[in-house]
Amino acid sequence: MALLAVGASTLAVGRDVVGHQAAVAVDAVLFVLGTATGLAAAVAVPYLMVVRHRPESGTASPVWLLPLVAPMVSAAVGPALVPELPPGQWRMTLLLACYAMFGLSLLATLTLLPLVFARLVHQGPLPLALTPTLFLVLGPLGQSTTAVGQLADVAPHAVGTAYASAFGAFAVLYGVPVMGFALLWLGLAAAMVVRALRRGMTFTMTWWGFTFPVGTCVTGAAGLARHTGLTAFTWLAVAVYVLLVTAWAVAAVRTARGLIGGALLAAPGPLRPATARTT
C-alpha cells in the first residue's frame with residue numbers, strides 16, 4: 001500500500017516537479033510492484049491462517065482485514081493510469097482489472113467482517129490498546145467508495161458511452177449505502193474509543209489506525225460529492241477531513257513525545273531526566 005500511495009502521489013502532484021512522463025513511469029512501476037505484493041499478501045496471509053496458525057474461535061480482530069485492503073488501494077489508484085495507456089484493449093484491461101481487485105477485496109472483507117462483529121458481541125470489547133484498530137474497518141469501506149468513483153471518472157476513456165454511464169450509476173448506487181454503513185461504524189468505533197479512554201487507554205502505535213481509514217472516508221465522500229453534486233457530501237468530506245487532521249496531529253505529537261522521551265532515557269547519565277535516574 002505504501003508503494004501504491006507514493007506512486008499515485010507522484011503522478012498527482014509530482015509531475016510539476018519531475019515532468020509528466022517521469023511521473024507516469026514512477027507511478028507505473030510502483031503500481032505494478034505494489035499490486036503484485038498486495039495480491040500475494042491477500043492470498044498468502046489467509047492461507048497461512050488456515051494451514052499454519054489456526055486462530056481460536058472468537059479471536060477475530062480488525063487487523064485481519066489489513067492484507068485484504070491492498071487490492072482495494074490498487075483499484076482506487078489504478079484508474080489514474082488508464083488514460084496514459086493506448087486506447088482500446090490496454091485501457092479496458094486495466095479498468096476491468098481494477099474492478100476485479102475491487103470485487104476481490106470487497107467480497108473478502110464481507111467474509112471477515114461478520115467474524116469481527118461476532119467477536120465483539122460474544123467476547124466483549126477489544127483490549128484497551130487494540131481498541132483503535134476498530135477504525136481499520138473503515139479502510140475497505142471508504143476505499144471501495146473511492147475506487148468506484150475513480151473508476152467511473154475514467155470509464156469514458158476505456159469503454160463505450162453506455163458502459164461509462166453504468167459505471168457512473170454504480171458509483172452512486174454502491175457508494176451511498178456503503179458510506180452510510182461507514183458512518184455507522186465510525187460512530188461505533190468512536191464510542192468504543194471513548195469508553196477505552198475512560199478506562200485508562202494510553203497511547204500506543206495503534207493510534208495510527210485513526211488516520212488512513214478515516215482518510216479513505218474523506219476521499220469516498222469527496223467522490224460522492226463529485227458524482228452527485230450534493231453539497232451535503234462536500235460538507236461530510238470536510239467534516240471527516242477535520243477529524244483526519246486532528247487524528248494525524250494527535251498521533252504525530254504523541255509519537256514524537258515518545259521518541260524524545262525514549263531518547264532521553266537512553267542518553268548518558270548527565271542528559272537523563274531526574275525521574276529516569278531515580279528509576
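Quantities reported herein were computed from a predicted structural model and do not represent experimental measurements. (Residues numbered from 1 in each chain as written. Predicted model: local features only at pLDDT ≥ 70, side-chain atom pairs only at ≥ 80, totals over all residues. Heavy atoms only, no water.)

1. Notes on the overall build of the protein
When its secondary structure is counted, the protein shows nine helices and zero strands. Overall, the protein shows an N-to-C arrangement of helices and strands of α-α-α-α-α-α-α-α-α. The principal-axis extent of the C-alpha atoms belonging to the protein is close to 70 × 50 × 45 Å. When contacts within the protein are restricted to residue pairs at least 6 apart in sequence, long-range pairs at least 24 apart make up 78% of them. In the structure as shown, the protein presents an accessible area of about 14,300 Å², 73% of it carried by carbon and sulfur atoms. (Helix = DSSP H or I, 4+ residues; strand = E, 2+ residues; numbered from the N terminus. Contact = heavy atoms within 4.5 Å. Areas by Shrake-Rupley, 256 points an atom, 1.4 Å probe, with all protein chains shown as cover.)

2. Notes on the environment of glycine 209
Along the chain, the position of glycine 209 falls in the loop between helix H6 (161-198) and helix H7 (212-228). For the pair formed by glycine 209 and leucine 130, sequence separation is 79 residues and the distance between their alpha carbons is 9.7 Å. Among all residues touching glycine 209, those that are not within four sequence positions of it are Pro132, Phe135 and Leu136.

3. Regarding the packing of helix H2 (residues 20-53) against helix H3 (residues 66-77)
At their nearest, the axes of H2 and H3 sit 7 Å apart, and the two run at 150° to each other. The orientation of H2 relative to H3 falls into the category roughly antiparallel. With respect to the hand of their crossing, H2 and H3 are arranged in left-handed fashion. Side by side, H2 and H3 meet where Phe31, Thr35, Gly38, Leu39, Ala41, Ala42, Val45 and Pro46 of the first sit next to Pro67, Leu68, Ala70, Pro71, Ser74 and Val77 of the second. Here the residues of the contact of H2 with H3 sort into 11 nonpolar, three polar and no charged. (Axes fitted to C-alpha atoms, helices over the stretch in contact; angles between N-to-C directions. Parallel < 35°, antiparallel > 145°, perpendicular 65-115°, else oblique. Left-handed = near helix turned anticlockwise from the far one by under 90°. Nonpolar A, V, L, I, M, F, W, Y, C, P; charged D, E, K, R; others polar.)

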